[in-house]
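Observations on chain architecture
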Amino acid sequence: LNFNRVSQELDSSYPNRLINENKKYSLVEYEEKYFHLKNKFEKLIKFDLYQGHQNIHNYNEEDAKALSVYLKDFEQKLSVFDELVEKLELFTSILNERRFTFKSIKIKRDKGFIFETSQGKELALNQLSSGEQNEVVMLYELIFKTKPDTLVLIDEPEISLHITWQKSFIDDLLKIIEIQRIQVLVATHAPAIVNSRWDLTYKLSKAIEE
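Everything quoted here is computed from the prediction, not taken from an experiment.

Analysis parameters
Residues numbered from 1 in each chain as written. Predicted model: local features only at pLDDT ≥ 70, side-chain atom pairs only at ≥ 80, totals over all residues. Heavy atoms only, no water. Pairing = 2+ DSSP bridges. Helix = DSSP H or I, 4+ residues; strand = E, 2+ residues; numbered from the N terminus. Salt bridge = Lys/Arg side-chain N within 4 Å of Asp/Glu carboxyl O. Buried < 20%, exposed > 50% of the residue type's maximum accessible area, 1.4 Å probe, protein only. Lys, Arg positive; Asp, Glu negative; His and termini not counted. Polar contact = N/O pair within 3.5 Å; in protein donor to acceptor, adjacent residues only side chain to side chain. Contact = heavy atoms within 4.5 Å. Phe/Tyr/Trp six-rings, centres within 6.5 Å; stacked < 30°, edge-to-face > 60°. 1 Å grid on protein atoms, 1.4 Å probe; cavity = no way out; pocket = protein on both sides within 12 Å on 5 of 7 lines; lining within 4 Å. Points joined across faces, edges and corners; volume = space filled by probe spheres on them. Nonpolar A, V, L, I, M, F, W, Y, C, P; charged D, E, K, R; others polar. Patch = residues over 30% accessible without salt bridge, like charges linked within 9 Å, V, L, I, M, F, W, Y side chains within 5 Å. Areas by Shrake-Rupley, 256 points an atom, 1.4 Å probe, with all protein chains shown as cover.

With respect to the sheet that holds strand S3 (residues 122-123)
With respect to topology, 3 strands assemble into an open sheet ordered S1-S2-S3, the strand pairing being antiparallel. Both outer strands of the open sheet, strand S1 (103-108) and S3, are each paired with one neighbouring strand and no more. Sheet topology places strand S2 (residues 112-117) next to S3; 2 bridges connect them, and they run antiparallel. When the sheet's bridge partners are listed, Glu116 is paired in S3 with Glu122.

Quick look at the pattern of salt bridges
One pass over the structure, following the stated rule, counts 16 salt bridges. Between Glu75 and Lys33 there is a salt bridge; the shortest N-O distance is 3.6 Å. Placement of the pair is Glu75 in helix H3 (residues 64-78) and Lys33 in helix H2 (residues 27-46), with a sequence separation of 42 residues. Using a relative accessible area of 22% as the deciding quantity, one classes Glu75 as partly exposed.

Observations concerning the side chain of Glu158
Relative to the assigned elements, Glu158 resides in the loop between strand S4 (151-155) and helix H6 (163-180). For the buried Glu158, which has no salt bridge, the nearest side chain bearing the opposite charge is Arg99, at an N-O separation of 12 Å. Within polar-contact distance, the side chain of Glu158 engages the side chain of Thr188 at 2.7 Å. Once residues lying within four places of it in the same chain are set aside, the contact partners of Glu158 are Gln166, Thr188, His189, Ala190 and Ile193.

A short note on the packing of aromatic side chains
In total, this model carries 10 aromatic pairs according to the counting rule given. Relative to Phe115, the ring of Phe100 has its centre 6.1 Å away and its plane inclined at 80°; by these criteria the two rings are edge-to-face. Taken together, the residues span a long stretch of sequence, with Phe100 in the loop between helix H4 (82-99) and S1 and Phe115 in strand S2 at a distance of 15 residues. Of the two residues, Phe100 and Phe115, neither departs from the other in class, the shared state being buried. By way of ring pairs, the aromatic residues Phe91, Phe113, Tyr140 and Phe144 are connected into one cluster.

Brief notes about empty space enclosed by the protein
For the coordinates displayed, the defined rule picks out 1 cavity of 30 Å³ or more. Those elements that provide at least two residues to the lining of the largest cavity are helix H5 (130-145) and H6. Here the element with the most residues in the lining of the largest cavity is H6; it accounts for 4 residues. In the lining of the largest cavity, the residues fall into 6 nonpolar, no polar and 2 charged.

Re the environment of Lys175
Looking at the secondary structure, you find Lys175 in helix H6. The exposure class assigned to Lys175 is partly exposed, which follows from its relative accessible area of 37%. As a C-alpha pair, Lys175 and Leu90 span 85 residues in sequence and 8.0 Å in three-dimensional space. For Lys175, the contacting residues outside a window of four places in its chain are Leu90 and Arg98.

What about unusual backbone geometry?
One can expect most non-glycine residues to show negative phi and most peptide bonds to be in trans. Even without glycine at this site, Phe102 takes up a positive phi of about 60°. At Asn195, a residue that is not glycine, the phi angle is positive and equals roughly 55°. When its relative accessible area of 36% is taken as the criterion, Asn195 is described as partly exposed.

Notes on a nonpolar patch on the surface
Together, Leu151, Leu153 and Leu185 give the surface a local cluster of nonpolar side chains, amounting to about 340 Å² of exposed area. Tracing the backbone shows Leu185 in strand S5 (residues 183-187). The exposure class assigned to Leu185 is exposed, which follows from its relative accessible area of 53%.

And the structure:
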């Protein structure tokens, strides 16, 4: 909806903005913008957020002014997806690169999140292991549902995590904290959860001794 609204606003004002535009991208500037937008566009297609084909015209000096306005508009239209794409990238990368073995999570416009085996067979959420199900739910809640400035309490996350997952837990959590702007307090008995980040820990026994 935001994409359609922004597109309509920009398209309707395009003639006036073109007439009043003073800035013309050079070839180097245009190519930099072009590749930046091309990468954005490819991510939208990857997550099935955009259907159809979008032409980005080749640069020429005669049309430099119009192309500059066109690229600025295109960038503004795609920017409405920036936050969502960042979250989808983090969510899927944590699961696909660190958690899942012989399976993956994908995004489909008509189905939402889907799970597939390495042979392409679709899986229901309840066909994942209990540890994988817990990971999907926890990551989804943290990345998509938790509001900024929230204090999140996580009690003994190691219970549902394979030892390899435990070692990457804090690194992944720090990435989530950065994009969600939240605070998290983790209670754990597992050194693997802490891994190398002992600088972030506080021993309760120390508080008792004091």
